[in-house]
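Spelled out, the chains give:
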Amino acid sequence: MNKPLRIALTKGRLEKDTVKLMESLGYDCTELHEKGRRLILYVPDANLEVVLAKAADVITYVEHGVCDMGVVGKDTLMEMNGKLFEMVDLGFGRCRFALATKKDYPFYDGFGVKTIASKYPNVTRNFFEGKNMDVDIVKIEGSVELAPLLELADGIVDIVETGTTLKENGLEVVEDIAQISARLIVNTVSLKMRQQEIESFVQKVEEKING
Ligand code: PRP
(Lines give C-alpha, C1' and ligand atoms only; values in the text may rest on other atoms or scores of the structure.)
Protein backbone atom coordinates (compact mmCIF):
# COMPACT_ATOMS: atom_id res chain seq x y z
CA MET A 1 0.00 0.00 0.00
CA ASN A 2 1.13 3.57 -0.68
CA LYS A 3 2.32 5.84 2.12
CA PRO A 4 -0.85 7.22 3.77
CA LEU A 5 -2.04 10.65 2.75
CA ARG A 6 -1.87 12.93 5.75
CA ILE A 7 -4.73 15.29 6.58
CA ALA A 8 -4.71 17.88 9.38
CA LEU A 9 -8.07 18.51 11.05
CA THR A 10 -8.96 21.53 13.15
CA LYS A 11 -9.63 20.16 16.64
CA GLY A 12 -13.12 20.57 18.09
CA ARG A 13 -16.33 21.19 16.18
CA LEU A 14 -14.85 21.07 12.68
CA GLU A 15 -13.15 17.80 13.65
CA LYS A 16 -16.51 16.28 14.62
CA ASP A 17 -18.15 17.43 11.37
CA THR A 18 -15.20 16.11 9.34
CA VAL A 19 -15.38 12.71 11.07
CA LYS A 20 -19.12 12.60 10.27
CA LEU A 21 -18.31 13.42 6.64
CA MET A 22 -15.67 10.67 6.45
CA GLU A 23 -18.08 8.17 8.00
CA SER A 24 -20.72 9.15 5.43
CA LEU A 25 -18.11 8.22 2.79
CA GLY A 26 -18.02 4.76 4.36
CA TYR A 27 -14.69 5.08 6.19
CA ASP A 28 -14.26 3.42 9.58
CA CYS A 29 -13.23 6.21 12.00
CA THR A 30 -12.97 4.08 15.16
CA GLU A 31 -9.49 5.42 16.04
CA LEU A 32 -10.82 8.97 15.88
CA HIS A 33 -13.64 8.14 18.27
CA GLU A 34 -11.33 6.36 20.69
CA LYS A 35 -8.39 8.72 20.40
CA GLY A 36 -7.87 9.60 24.08
CA ARG A 37 -5.06 12.19 24.03
CA ARG A 38 -3.44 10.90 20.82
CA LEU A 39 -2.89 13.49 18.12
CA ILE A 40 -2.18 11.28 15.09
CA LEU A 41 -4.78 8.68 14.13
CA TYR A 42 -5.25 6.31 11.23
CA VAL A 43 -8.29 5.76 8.99
CA PRO A 44 -7.51 2.39 7.36
CA ASP A 45 -10.08 2.22 4.52
CA ALA A 46 -9.02 5.61 3.21
CA ASN A 47 -5.30 5.04 4.00
CA LEU A 48 -5.41 8.43 5.71
CA GLU A 49 -3.31 9.62 8.61
CA VAL A 50 -5.28 12.22 10.56
CA VAL A 51 -3.42 14.91 12.50
CA LEU A 52 -5.37 16.97 15.06
CA ALA A 53 -4.22 20.57 15.41
CA LYS A 54 -5.36 24.13 16.13
CA ALA A 55 -6.72 26.00 13.12
CA ALA A 56 -3.66 28.19 12.47
CA ASP A 57 -1.37 25.18 12.82
CA VAL A 58 -3.42 23.21 10.27
CA ILE A 59 -2.48 25.89 7.73
CA THR A 60 1.18 25.89 8.83
CA TYR A 61 1.47 22.09 8.50
CA VAL A 62 -0.23 22.06 5.09
CA GLU A 63 1.80 25.03 3.82
CA HIS A 64 5.05 23.31 4.85
CA GLY A 65 3.94 20.09 3.17
CA VAL A 66 4.17 17.88 6.28
CA CYS A 67 0.43 17.37 5.85
CA ASP A 68 -0.93 16.90 2.31
CA MET A 69 -4.41 18.20 3.09
CA GLY A 70 -6.27 20.03 5.84
CA VAL A 71 -9.70 21.05 7.06
CA VAL A 72 -9.86 24.58 8.40
CA GLY A 73 -12.25 27.53 8.64
CA LYS A 74 -12.29 30.27 6.03
CA ASP A 75 -11.78 32.71 8.93
CA THR A 76 -8.28 31.40 9.62
CA LEU A 77 -7.52 31.16 5.89
CA MET A 78 -8.48 34.82 5.43
CA GLU A 79 -6.32 35.83 8.38
CA MET A 80 -3.22 33.83 7.39
CA ASN A 81 -3.32 34.04 3.61
CA GLY A 82 -1.13 30.93 3.13
CA LYS A 83 0.24 29.52 -0.14
CA LEU A 84 -2.00 26.50 -0.65
CA PHE A 85 -4.96 25.33 -2.70
CA GLU A 86 -8.45 25.78 -1.32
CA MET A 87 -10.22 22.85 -2.98
CA VAL A 88 -13.71 22.40 -1.49
CA ASP A 89 -16.20 24.43 0.52
CA LEU A 90 -17.32 21.73 2.96
CA GLY A 91 -20.49 23.60 3.88
CA PHE A 92 -20.26 23.02 7.63
CA GLY A 93 -18.85 25.35 10.30
CA ARG A 94 -20.97 28.15 8.87
CA CYS A 95 -20.75 31.57 10.50
CA ARG A 96 -19.71 35.09 9.41
CA PHE A 97 -17.23 37.83 10.11
CA ALA A 98 -18.95 41.00 11.28
CA LEU A 99 -18.18 44.44 12.64
CA ALA A 100 -20.06 44.93 15.92
CA THR A 101 -20.38 47.69 18.47
CA LYS A 102 -22.34 48.46 21.62
CA LYS A 103 -26.04 48.74 20.76
CA ASP A 104 -26.91 52.08 19.08
CA TYR A 105 -23.26 53.20 19.11
CA PRO A 106 -22.76 55.80 16.33
CA PHE A 107 -19.69 54.03 14.92
CA TYR A 108 -19.42 55.93 11.64
CA ASP A 109 -20.06 59.36 13.19
CA GLY A 110 -17.25 61.85 13.79
CA PHE A 111 -13.75 62.07 12.32
CA GLY A 112 -11.63 60.60 15.13
CA VAL A 113 -9.66 57.40 14.39
CA LYS A 114 -11.65 54.46 15.75
CA THR A 115 -10.15 51.59 17.73
CA ILE A 116 -11.09 48.04 16.72
CA ALA A 117 -10.39 44.94 18.80
CA SER A 118 -10.07 41.59 17.06
CA LYS A 119 -8.52 38.16 17.10
CA TYR A 120 -8.16 38.73 13.34
CA PRO A 121 -6.01 41.87 12.79
CA ASN A 122 -5.33 41.15 9.08
CA VAL A 123 -9.01 40.62 8.26
CA THR A 124 -9.75 43.84 10.18
CA ARG A 125 -7.03 45.79 8.34
CA ASN A 126 -8.21 44.57 4.92
CA PHE A 127 -11.83 45.39 5.70
CA PHE A 128 -11.11 48.98 6.74
CA GLU A 129 -8.53 49.51 3.96
CA GLY A 130 -11.33 48.60 1.56
CA LYS A 131 -13.28 51.52 3.02
CA ASN A 132 -10.24 53.83 3.00
CA MET A 133 -10.77 54.22 6.71
CA ASP A 134 -7.87 54.57 9.11
CA VAL A 135 -8.35 52.54 12.32
CA ASP A 136 -6.21 51.47 15.27
CA ILE A 137 -6.29 47.70 15.70
CA VAL A 138 -5.79 45.97 19.05
CA LYS A 139 -5.16 42.21 18.97
CA ILE A 140 -7.23 40.29 21.52
CA GLU A 141 -6.94 36.53 22.08
CA GLY A 142 -10.54 35.60 22.96
CA SER A 143 -13.89 36.90 24.22
CA VAL A 144 -13.31 39.99 22.08
CA GLU A 145 -16.79 41.20 23.10
CA LEU A 146 -15.20 42.47 26.30
CA ALA A 147 -13.19 45.17 24.52
CA PRO A 148 -16.05 47.61 23.77
CA LEU A 149 -17.67 46.85 27.14
CA LEU A 150 -14.45 47.80 28.90
CA GLU A 151 -14.12 50.81 26.55
CA LEU A 152 -10.86 49.64 25.10
CA ALA A 153 -12.39 49.71 21.60
CA ASP A 154 -15.16 51.39 19.61
CA GLY A 155 -15.95 48.15 17.85
CA ILE A 156 -14.91 44.57 17.23
CA VAL A 157 -14.36 42.42 14.17
CA ASP A 158 -15.29 38.90 15.18
CA ILE A 159 -17.07 35.71 14.28
CA VAL A 160 -20.82 35.68 14.71
CA GLU A 161 -22.61 32.36 14.59
CA THR A 162 -25.97 32.53 16.37
CA GLY A 163 -25.54 36.14 17.55
CA THR A 164 -26.18 35.09 21.16
CA THR A 165 -22.83 36.28 22.54
CA LEU A 166 -23.34 39.75 21.05
CA LYS A 167 -26.95 39.97 22.24
CA GLU A 168 -26.26 38.82 25.78
CA ASN A 169 -23.52 41.44 26.07
CA GLY A 170 -25.52 44.39 24.70
CA LEU A 171 -23.69 44.49 21.36
CA GLU A 172 -25.01 44.43 17.79
CA VAL A 173 -23.77 43.87 14.26
CA VAL A 174 -23.08 47.07 12.32
CA GLU A 175 -21.95 45.39 9.13
CA ASP A 176 -21.32 41.89 7.78
CA ILE A 177 -17.82 41.35 6.41
CA ALA A 178 -17.65 37.81 4.98
CA GLN A 179 -19.34 34.43 5.11
CA ILE A 180 -17.29 31.65 6.67
CA SER A 181 -17.36 27.85 6.40
CA ALA A 182 -14.90 24.97 6.60
CA ARG A 183 -12.63 24.37 3.60
CA LEU A 184 -10.60 21.41 2.38
CA ILE A 185 -7.11 22.70 1.62
CA VAL A 186 -4.23 20.96 -0.18
CA ASN A 187 -0.47 21.51 -0.25
CA THR A 188 0.68 22.73 -3.69
CA VAL A 189 3.49 20.16 -4.08
CA SER A 190 1.37 17.26 -2.77
CA LEU A 191 -1.24 18.01 -5.41
CA LYS A 192 1.43 17.47 -8.09
CA MET A 193 3.21 14.51 -6.50
CA ARG A 194 0.11 12.60 -5.37
CA GLN A 195 -2.38 14.03 -7.81
CA GLN A 196 -4.42 10.88 -8.44
CA GLU A 197 -4.94 9.95 -4.77
CA ILE A 198 -5.76 13.52 -3.74
CA GLU A 199 -8.07 14.17 -6.66
CA SER A 200 -9.93 10.93 -6.02
CA PHE A 201 -10.41 11.88 -2.33
CA VAL A 202 -11.49 15.42 -3.26
CA GLN A 203 -13.94 14.06 -5.81
CA LYS A 204 -15.52 11.72 -3.27
CA VAL A 205 -15.91 14.58 -0.81
CA GLU A 206 -17.38 16.89 -3.47
CA GLU A 207 -19.86 14.26 -4.63
CA LYS A 208 -21.01 13.70 -1.04
CA ILE A 209 -21.37 17.39 -0.32
CA ASN A 210 -23.08 18.36 -3.54
CA GLY A 211 -25.39 15.35 -3.18
C1 PRP B 1 -16.65 32.74 19.01
C2 PRP B 1 -16.68 34.22 18.67
C3 PRP B 1 -17.81 34.74 19.52
C4 PRP B 1 -18.77 33.56 19.55
C5 PRP B 1 -19.89 33.79 18.59
O6 PRP B 1 -15.96 32.59 20.19
O7 PRP B 1 -15.45 34.83 18.97
O8 PRP B 1 -17.37 35.07 20.80
O9 PRP B 1 -18.04 32.39 19.17
O10 PRP B 1 -20.86 32.78 18.62
P11 PRP B 1 -22.42 33.14 18.75
O12 PRP B 1 -22.74 34.17 17.72
O13 PRP B 1 -23.10 31.82 18.45
O14 PRP B 1 -22.70 33.60 20.14
P15 PRP B 1 -15.40 31.20 20.72
O16 PRP B 1 -16.51 30.41 21.33
O17 PRP B 1 -14.66 30.52 19.61
O18 PRP B 1 -14.42 31.65 21.91
P19 PRP B 1 -13.34 32.83 22.00
O20 PRP B 1 -14.08 34.13 22.02
O21 PRP B 1 -12.64 32.57 23.28
O22 PRP B 1 -12.47 32.71 20.80
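Structure first, text after, so check above.
A brief report on the enclosed structure follows. Sequence order sets the numbering: in each chain, residues are counted from 1 along the sequence as written. Residues qualify for local features only when their pLDDT is at least 70, as the model is predicted, and side-chain atom pairs are given and counted only at 80 or more; totals for whole chains, interfaces and linings, by contrast, use all residues. The side-chain numbers reported here are obtained from all heavy atoms of the structure, hydrogens and water having been left aside.

### So, a positive patch on the surface
A cluster of basic residues, Lys 11, Arg 37, Lys 54 and Lys 119, forms a positive patch on the protein surface. Summarising the element assignment, Arg 37 is placed in the loop between helix 2 (30-33) and strand 2 (40-43). Each residue is assigned to one of three classes by its accessible area relative to the maximum for its type, calculated with a 1.4 Å probe on protein chains only: buried under 20%, partly exposed between the two thresholds, exposed over 50%. Judged by relative accessible area, which is 81%, Arg 37 ranks as exposed. For patches, a residue must show more than 30% relative accessible area and have no salt bridge; joins then use 9 Å for like charges and 5 Å for nonpolar side chains, namely Val, Leu, Ile, Met, Phe, Trp and Tyr. Exposure was quantified through the Shrake-Rupley algorithm and a 1.4 Å probe, taking into account, for residues, occlusion by the shown protein chains and nothing else. Salt bridge criterion: a side-chain nitrogen from Lys or Arg within 4 Å of a carboxyl oxygen from Asp or Glu. Counting rule applied: Lys, Arg positive; Asp, Glu negative; His and chain ends not counted. One atom stands in for each charge, and that atom is NZ of Lys, CZ of Arg, CG of Asp or CD of Glu. Put simply, DSSP H or I for four residues or longer makes a helix, DSSP E for two residues or longer makes a strand, and each gets a number counted from the N terminus.

### What to know about the nonpolar core
We call a set of buried Ala, Val, Leu, Ile, Met, Phe, Trp, Tyr and Cys residues a nonpolar core when their side-chain atoms join them within 4.5 Å. Formed by 29 residues in total, the largest nonpolar core has its most connected members in Ile 7, Leu 32, Met 69, Leu 90 and Leu 184. Taken together, the elements giving at least two residues each to this core come down to strand 1 (5-10), helix 1 (13-24), strand 2, strand 3 (48-53), strand 4 (69-73), strand 11 (182-186) and helix 9 (195-209). Residue contacts follow a heavy-atom distance rule, with two residues in contact if any of their heavy atoms lie within 4.5 Å. Leu 184 has contacts with Ile 7, Met 69, Gly 70, Val 71, Phe 85, Glu 86, Met 87, Val 88, Leu 90, Phe 201 and Val 202, leaving out every residue within four places of it along the chain.

### Observations concerning the site of the ligand
As a structural note, the neighbourhood of the ligand is formed by Lys 119, Gly 142, Ser 143, Glu 145, Asp 158, Ile 159, Val 160, Glu 161, Thr 162, Gly 163, Thr 164 and Thr 165. The separation between an oxygen atom of the ligand and a polar main-chain atom of Ser 143 is 2.8 Å. Pairs of N or O atoms within 3.5 Å make up the polar contacts considered here, provided that, within protein, one atom can donate a hydrogen while the other can accept it, and that residues adjacent in sequence are counted only when both atoms are side-chain atoms. Within the backbone of Thr 164, one N or O atom sits 3.5 Å away from an oxygen atom of the ligand. Isolated, the ligand exposes 500 Å² of accessible area, and the fraction of that covered by the protein chains is 65%. Listing elements by their share of the shell around the ligand, those giving two or more residues are strand 9 (155-160) and helix 7 (164-168). Here the term charged refers only to Asp, Glu, Lys and Arg, the term nonpolar to Ala, Val, Leu, Ile, Met, Phe, Trp, Tyr, Cys and Pro, and the term polar to all other amino acids, Gly among them. Here the shell around the ligand is composed, by residue class, of two nonpolar, six polar and four charged. One heavy atom within 4 Å of a molecule or strand makes the whole residue count as near it.

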